[in-house]
Amino acid sequence: MTETLRRPEKVLMKGNEALAEAALRAGCRCFFGYPITPQTEVAAYMAKRMPKVGGVYLQAESEIAAINMIYGASAAGARVLTSSSSPGISLKSEGISYLAGADLPAVIINVQRGGPGLGGIQPSQADYWQATRAMGHGDFQVIVFAPSTVQEMCDLVRDAFEVSDKYRVPTMILADGLLGQMMEPIVLPEALDEDDLPEKPWALTGTGGVRAPHVANSLCLVAEDLERINRARFARYEDIKRDEARAEQYRCDDAELVVVAFGACARVVKSAVDAAREAGIAAGLLRPVTLWPWPGAAIEGLLDGGGVVRRFLTVEMSMGQMVDDVRLTVNGRLPVDFFGRSGGIVPTPAEVLEQIEELAVTGGDAA
Amino acid sequence: MSTKPAPGFDRGSTPALSFLFAGFGGQGILFAGKIVAYAGLLEDRELSWLPSYGPEMRGGTASCSVTLADTPIGSPLVTEPDSLIAMNRPSLEKFEATVKPGGRLFYDSSLIDIAPTRTDIATYAVPATGLATEQDLKGLANVIMLGKLWHETRFCAADTLDAALEKAIPPRKAQLLEPNKRALALGKGL
């Protein structure tokens with residue numbers, strides 16, 4: 001009982017460090033990676049801490065090598081983590097497709113930077129399409145979490161390992177340079193014991209000369225078999241879509257203008273929504289916490305729940321990617337506008353407020 | 001005139017405070033910000049600390065945004081600081097215009113050979129680098145500046161500031177605590 005009364009101790013951590021510590025506390029004992037700004041602190045933290053908890057830290061010779069080490073360790077039943085930033089994630093995409101094809105769980109962190117190509121090193125959200133539409137070739141999805149605070153960088157890592165193991169689906173934490181580099185006070189979760197980790201009866205742990213070998217493989221040359229496997233996987237995706245979609249609503253109840261934003265960008269929007277409210281504009285924020293599964297039901301709720309929403313504005317640190325999903329859900333019932341900054345620029349609350357004010361003025365006509 | 005909290009203000013009604021530290025790489029810009037961040041942590045406030053890590057850092061200039069608040073912090077990027085701490089001339093030139101009206105501008109007058117032009121903010125010429133050299137506190141102009149910042153803004157309680165300084169210095173660098181404490185006291189007395 002006294003436990004609940006004791007104030008949990010807060011620590012000051014960078015987002016990247018929180019990701020790494022949270023993974024260790026989730027029972028992750030294998031990290032394979034390759035350095036790239038702005039995620040290098042994840043690897044640096046793991047390099048320091050992993051040997052102390054008896055795990056394996058390995059700086060691979062390339063991103064491609066790292067993701068294939070992930071494949072091997074995951075097949076053996078371990079909780080495995082790799083992290084990179086945008087260009088490095090592209091290099092890993094082949095391996096991620098193989099993980100999906102072999103139904104192997106893994107957590108992959110993308111601390112996004114501006115692209116395309118080598119791009120820049122400043123914060124960006126321009127890998128939304130990649131994460132939610134085409135994380136590699138073939139028929140598959142990865143589960144995508146989008147933290148917005150350093151506390152969520154910590155908490156969602158635990159969740160990512162849980163759902164990844166539960167559904168045997170690779171899972172991504174889609175962060176960005178701002179979240180990776182900033183420090184905030186957080187409360188760290190208790191570390192899991194080995195006994196707390198889920199059983200993996202499918203893992204390749206050695207037959208002991210007794211049972212039939214398990215196989216982790218994505219090669220399937222018989223079309224009918226491959227279709228059957230893909231259909232079974234997509235049946236699991238239906239469960240994921242039903243049970244795992246998450247969004248946060250902020251001041252949405254009486255909002256006429258709902259701004260949709262995720263990750264670091266949602267923080268900026270929150271400030272802008274508060275400022276708009278002070279100026280007498282009924283604005284709210286809808287923040288997807290999972291990007292896939294897409295929390296379309298939250299938008300449906302605003303549309304059908306007798307709400308007063310008259311239009312949507314999507315704000316992203318990209319040229320406009322998530323806005324596609326907002327438009328698919330809204331499906332022409334209300335106007336959906338977009339505002340974004342690209343190349344590594346974080347919008348300011350003032351410029352988002354300006355967009356909100358503009359739409360609040362013109363909003364009456366459009367709907 | 002300004003709405004800045006006076007010394008001894010009631011913590012419960014403190015508005016958010018935003019700080020922008022800016023200067024050359026190596027001047028301890030991030031470290032100065034970290035002390036403010038730890039002060040927020042020790043007083044169980046909401047806080048954010050965000051360093052510049054981009055090309056400007058590789059080019060030699062650094063900046064650090066810190067916000068202290070009692071409600072969750074939206075954007076951690078400080079674009080309109082309540083207090084700007086400018087440790088070199090490019091920083092003063094770049095950020096003077098961004099200081100909130102009624103805000104404060106602290107600048108290292110040993111290194112900056114121009115004066116601020118704003119009249120709607122309080123400006124403090126602090127010869128921090130000169131004092132550091134004189135007092136055998138080389139490299140601690142940042143902490144002298146922080147002392148002055150605290151003296152003018154009281155962004156935390158006095159004993160919190162001391163504890164924050166100790167927390168910001170890792171145990172393996174414990175020998176740096178004493179000169180840092182001296183630098184802080186020097187700045188607070190300015």
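Residues numbered from 1 in each chain as written. Chains lettered and ligands numbered in written order. Predicted model: local features only at pLDDT ≥ 70, side-chain atom pairs only at ≥ 80, totals over all residues. Heavy atoms only, no water.

Enquirer: Please give an account of helix α12 (residues 322-330) of chain A that cites residues and values.
Expert: Residues and elements named next belong to chain A. The set of residues buried in α12 consists of Met322, Val323, Asp325, Val326, Thr329 and Val330. Burial along α12 is one-sided: seen end-on, the buried residues are contained in an arc of 155 degrees. The inward-facing, buried residues of α12 contact α6 (128-133), β10 (257-260), β11 (283-288), α11 (296-304), β13 (311-316) and β14 (336-340). (Buried < 20%, exposed > 50% of the residue type's maximum accessible area, 1.4 Å probe, protein only. Helix = DSSP H or I, 4+ residues; strand = E, 2+ residues; numbered from the N terminus. Arc of directions from axis to C-beta. Contact = heavy atoms within 4.5 Å.)

Enquirer: So, the domain arrangement of chain A: which residues are in play, and what are the values?
Expert: Residue and element names in this part refer to chain A. Here chain A is described as being made up of domain 1 (2-243) and domain 2 (248-362). Taking only C-alpha atoms, the centre of domain 1 and the centre of domain 2 are 28 Å apart. The interface is formed by 31 residues belonging to domain 1 together with 27 residues belonging to domain 2. For the pair domain 1 and domain 2, the summed buried surface comes to about 2,400 Å²; carbon and sulfur atoms form 57% of the total. Of all residues in domain 1, Gln125, Tyr128 and Trp129 bury the most surface against domain 2, accounting for 30% of the area lost on that side. Across the contact surface, domain 1 and domain 2 share three salt bridges. Of the charged contacts, one joins Asp325 and Arg133 as a salt bridge, the two residues approaching to 2.7 Å between their closest N and O atoms. In this assembly, domain 1 and domain 2 are joined by 15 residue pairs in polar contact (both at pLDDT 80 or more). For the side of domain 1 that touches domain 2, the secondary structure elements donating two or more residues are α6, β6 (143-145), α7 (150-167), β7 (170-176), α8 (177-181) and α9 (223-243). (Domains from an automatic or database assignment. Buried area = accessible area lost by both parts, 1.4 Å probe. Salt bridge = Lys/Arg side-chain N within 4 Å of Asp/Glu carboxyl O. Polar contact = N/O pair within 3.5 Å; in protein donor to acceptor, adjacent residues only side chain to side chain.)

Enquirer: Which residues make up the interface of chain B and chain A, and what are the values?
Expert: Each partner contributes to the interface: chain B provides 22 residues, whereas chain A provides 23 residues. For the pair chain B and chain A, the summed buried area comes to about 1,900 Å², and 65% of that belongs to carbon and sulfur atoms. Its largest share of buried area at the contact with chain A, chain B owes to Leu41(B), Trp49(B) and Tyr53(B), together 31% of the area lost on that side. Applying the counting criterion to the chain B and chain A interface returns one salt bridge. Of the charged contacts, one joins Asp44(B) and Lys10(A) as a salt bridge, the two residues approaching to 3.6 Å between their closest N and O atoms.

Enquirer: Can you tell me about unusual backbone geometry, naming the residues and giving the values?
Expert: Peptide bonds are mostly trans, and most non-glycine residues show a negative phi. Cis peptide bonds are those with omega within 30 degrees of zero, and the linkage from Gly115(A) to Pro116(A) qualifies with 5 degrees. Relative to the helices and strands, Pro116(A) is located in the loop between β5 (106-112) and α6. Residue Trp292(A) is joined to Pro293(A) through a cis peptide bond whose omega torsion reads 5 degrees. Relative to the elements of secondary structure, Pro293(A) occurs in the loop between β12 (290-292) and α11. Here the phi dihedral of Arg168(A) falls at roughly 55 degrees; this positive angle occurs in a residue that is not glycine. Following the sequence through the fold, Arg168(A) ends up in the loop between α7 and β7. A positive phi angle, near 55 degrees, is found at Asp44(B), a position not held by glycine. With respect to the helices, strands and loops of the structure, Asp44(B) is situated in the loop between α1 (29-42) and β2 (46-51). With a relative accessible area of 37%, Asp44(B) lands in the partly exposed category.

Enquirer: Lay out the pattern of salt bridges with the relevant residues and their values.
Expert: Residue and element names in this part refer to chain B. Under the counting rule described, the total for this entry stands at 37 salt bridges over all chains. Here Asp82 ties to Lys100 by a salt bridge, and the two come within 3.2 Å at their closest N and O atoms. With Asp82 in the loop between β3 (61-69) and β4 (83-86) and Lys100 in the loop between α3 (89-95) and β5 (104-108), this residue pair connects regions lying 18 residues apart in the sequence. Since its relative accessible area comes to 29%, Lys100 is described here as partly exposed. Among the salt bridges present, the one from Asp162 reaches Lys188, with a minimum N-O distance of 3.9 Å. Of the two residues, Asp162 sits in helix α6 (residues 158-168) while Lys188 sits in helix α7 (residues 177-188), which places them 26 residues apart along the sequence.

Enquirer: Let's hear about a negative patch on the surface: which residues, and what values?
Expert: A surface patch of like charges, here negative, comprises Asp193(A), Glu194(A), Asp195(A) and Asp196(A). Checked against the element boundaries, Asp195(A) lands in the loop between β8 (183-187) and α9. (Patch = residues over 30% accessible without salt bridge, like charges linked within 9 Å, V, L, I, M, F, W, Y side chains within 5 Å. Areas by Shrake-Rupley, 256 points an atom, 1.4 Å probe, with all protein chains shown as cover. Lys, Arg positive; Asp, Glu negative; His and termini not counted. Charge placed at Lys NZ, Arg CZ, Asp CG, Glu CD.)

Enquirer: Explain the environment of Val273(A) to me, using residue names and the numbers behind them.
Expert: All names here are of chain A. Note on placement: Val273 falls in helix α10 (residues 263-278). The spacing of Val273 and Gln59 is 214 residues in sequence and 43 Å in space, taken between C-alpha atoms. Excluding residues that lie within four positions of it along the chain, Val273 makes contacts with Tyr250, Arg251, Val259, Ala283, Gly284, Leu285 and Ile356.

Enquirer: Break down the nonpolar core for me, citing the residues and quoting the values.
Expert: Counting residues in hydrophobic clusters, the biggest one holds 117 residues, and the most contacted among them are Leu81(A), Ile173(A), Phe312(A), Val326(A) and Ile356(A). Ranked by residues supplied to this core, first place goes to α7(A) with nine residues. Counting residues domain by domain, this core receives three or more from each of domain 1 (2-243) and domain 2 (248-362) of chain A. Not counting the four nearest positions on each side in its chain, Phe312(A) is found in contact with Leu257(A), Val258(A), Val260(A), Ile299(A), Leu302(A), Leu303(A), Val326(A), Val330(A), Leu334(A), Pro335(A), Val336(A) and Asp337(A). By size, the runner-up hydrophobic cluster in this structure holds 46 residues, among which are Ile35(B), Cys64(B), Leu137(B) and Leu140(B). (Core = buried A, V, L, I, M, F, W, Y, C linked by side-chain atoms within 4.5 Å.)

Enquirer: For the packing of aromatic side chains, give the residues involved together with the corresponding values.
Expert: Enumeration according to the criterion identifies seven aromatic pairs over all chains in this entry. By way of ring pairs, the aromatic residues Phe234(A), Tyr237(A) and Trp292(A) are connected into one cluster. Residue placement shows Lys188(B) over the ring face of Trp150(B); its charged tip is 4.9 Å from the ring centre. (Phe/Tyr/Trp six-rings, centres within 6.5 Å; stacked < 30°, edge-to-face > 60°. Lys NZ or Arg CZ within 6 Å of the ring centre and 35° of its normal.)

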